[in-house]
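Summary of the model geometry
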Amino acid sequence: MVSITQPRTEEADLDPRPRRRLAVSPTPQWATVFNEYLGTSPGGYAYCIGLNGRLVEEGAWGYARMPQDTSNGQGLAFTVDSRCNLASVSKTVTATAIFTMIQKGWITSVNDCFWPYIQPLYPNLQPAAGVETVTIAELLAMNARLPENGALYASEGADAFVEQYLQSQPVIPSQLYVYSNTNFTILQAMMDSICQQQGVSDYVSWVQSAILTPLGIDTTVFSPVPDDETAATLCYNPSDPNGTGHYWPEMQCVGPGGWIASAAATLTYLMGLRSNKVLKPSYTNFMMQRMLGWYPGATCYGLAYHHNGGLTTRGGAGLNTGIIHLPGGYDAVLLSNKPLANIISVMIEAFDAS
């Protein structure tokens, strides 16, 4: 049994402030801006930048584990290869996995209701009122009219959590947009169901075979399984420099917030979408432009698509993560093992800095 206090999760930035369009090409100032916001206090960060599918800049600062959390008292440096929980950046992985199933022909359309796809997993379940009317697109876009539960840890497992949820939580007709971990746990269970029918074990296996392996990503690095507690990247409270770091155990609800990866591996995933190695351009563009697991953000040079992640404890320790698909061929990843307000705005500021 898993008995862990649920973390507070951070809602995605929906609409960063509009910016004046410039006529010149960007000359981003990644290192300067990231150091300004993150180059003090406990913990550390790492970032990787791609341009037209090629790594052009990377950097890191601080500690993945502070000196007080290492046996030799020296600390463990935060590097571009340090694994960190991606938190809600995981939702883009789930969205991408949905579109790989559409490309495969296992899902007809995101406009389909999700219930026929998930029903074989729960043959005896009677869904609550209105559940059968919710579409895959509504789950991806956070307007599924279902109440948010918020759980990332489910001692009984994600599929059992969803089973209980779907039979007890009717839709709320008046509800519009609500940022929802639960929506993406339902999508995880739906893909478990589809995978079982297609002879694939589950959602995680599908992500590994359809996305990570084709991109050449090591599935022990980009994985839902964290490093051992004695060696893993920990999370810190910026106001408590001597405080012990917090460890996040494995999350059963992988789809909304349970993937763990390094900045380097996450950039490979992001650049893989740009280079159309796992999805046709029309699917990638539709997914991002229709806000299906992604959000738009304005830069001085045009529209970007992004997702941020955040986990915090009641004591104030936490992390923030961000990925952003930028104009001009740029892709950026920033992982921090301490809280940072508006991480996407910071990334856009670094891109627009010139």
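This text gives an overview of the structure that appears in the document. (Residues numbered from 1 in each chain as written. Predicted model: local features only at pLDDT ≥ 70, side-chain atom pairs only at ≥ 80, totals over all residues. Heavy atoms only, no water.)

To continue, consider the overall build of the chain. Each helix and strand in the chain was counted, giving 11 helices and 10 strands. Its C-alpha radius of gyration of 20 Å places the chain within 12% of the 20 Å reference for a compact globule of 354 residues. If you line up the chain on its principal axes, its C-alpha atoms span 55 × 50 × 40 Å. Looking at the chain residue by residue over its 354 residues, the buried ones come to 58%. Nonlocal contacts in the chain, meaning residues at least 24 apart in sequence, comprise 72% of its contacts between residues at least 6 apart. By element, 48% of the accessible surface of the chain is carried by carbon and sulfur atoms, the whole surface being about 13,800 Å². When the 17 basic and 27 acidic side-chain charges of the chain are each reduced to a single mean position, those positions are 9 Å apart. (Helix = DSSP H or I, 4+ residues; strand = E, 2+ residues; numbered from the N terminus. Rg over C-alpha atoms; globule rule 2.2 N^0.38 Å. Buried < 20%, exposed > 50% of the residue type's maximum accessible area, 1.4 Å probe, protein only. Contact = heavy atoms within 4.5 Å. Areas by Shrake-Rupley, 256 points an atom, 1.4 Å probe, with all protein chains shown as cover. Lys, Arg positive; Asp, Glu negative; His and termini not counted. Charge placed at Lys NZ, Arg CZ, Asp CG, Glu CD.)

Within the largest apolar cluster, 94 residues are counted, with the highest numbers of intra-cluster contacts made by Ile98, Phe114 and Leu166. For this core, the element with the highest residue contribution is helix H6 (residues 181-198), accounting for 8 residues. Grouped together as the second largest cluster of nonpolar side chains are 23 residues, Ile324, Ile343, Ile344 and Ile348 included. (Core = buried A, V, L, I, M, F, W, Y, C linked by side-chain atoms within 4.5 Å.)

Closest axis-to-axis distance for the helix H2 (residues 90-104)/helix H10 (residues 281-289) pair is 11 Å, and the angle between their directions is 140°. For the element pair H2 / H10, the angle class is oblique. Crossing hand, H2 versus H10: right-handed. Counting all contacts with H2, which are made through Ala95, Thr96, Phe99, Ile102 and Gln103, the residues of H10 involved are Tyr283, Phe286 and Met287. Considering only residue class, the contact of H2 with H10 consists of 6 nonpolar, 2 polar and no charged. (Axes fitted to C-alpha atoms, helices over the stretch in contact; angles between N-to-C directions. Parallel < 35°, antiparallel > 145°, perpendicular 65-115°, else oblique. Left-handed = near helix turned anticlockwise from the far one by under 90°. Nonpolar A, V, L, I, M, F, W, Y, C, P; charged D, E, K, R; others polar.)

As a further point, take the packing of aromatic side chains. Tallied over the entire structure, the rule returns 13 aromatic pairs. Both rings, one in Phe34 and one in Tyr47, keep their centres 5.1 Å apart while their planes meet at 70°; by these two values the pair is edge-to-face. Of this pair, Phe34 sits in helix H1 (residues 30-38) while Tyr47 sits in strand S2 (residues 44-51), placing them 13 residues apart in sequence. Overall, the relative accessible area of 1% leaves Phe34 in the buried class. (Phe/Tyr/Trp six-rings, centres within 6.5 Å; stacked < 30°, edge-to-face > 60°.)

Let us look at unusual backbone geometry. Backbone geometry places Met142, a non-glycine residue, at a positive phi of 70°. Position of Met142 among the secondary structure elements: in the loop between helix H4 (136-140) and helix H5 (158-168). One non-glycine residue, Met291, lies in the positive phi region at around 60°. Within the secondary structure, Met291 sits in the loop between H10 and strand S7 (295-299).

Bringing the pairing of strand S10 (residues 330-336) into the picture now. Counting buried residues along S10, 7 of its 7 residues qualify, which places the element largely inside the surrounding structure. By the alternation rule, side chains of S10 split into Tyr330, Ala332, Leu334 and Ser336 and Asp331, Val333 and Leu335, which are all buried. Across 7 bridges, the pairing between S2 and S10 is antiparallel. Bridged to Leu51 within S10 is Tyr330. The pairing of strand S9 (residues 318-325) with S10 spans 6 bridges and is classified as antiparallel. Residue pairing for S10: Ile323 is matched across the bridge by Val333. (Pairing = 2+ DSSP bridges.)

What follows concerns the environment of Asn181. Topologically, Asn181 is positioned in helix H6. As a C-alpha pair, Asn181 and Pro256 span 75 residues in sequence and 5.2 Å in three-dimensional space. The contacts of Asn181, once residues within four sequence positions are left out, are Thr9, Ser88, Lys91, Glu148, Gly150, Ala151, Leu152 and Pro256.

Our next topic: the pairing of S2. With respect to burial, S2 is a largely interior element, 7 of its 8 residues being buried. The pairing of S2 with strand S3 (residues 54-65) spans 8 bridges and is classified as antiparallel. Across the sheet, residue Ala46 finds its bridge partner in S3, namely Ala60.

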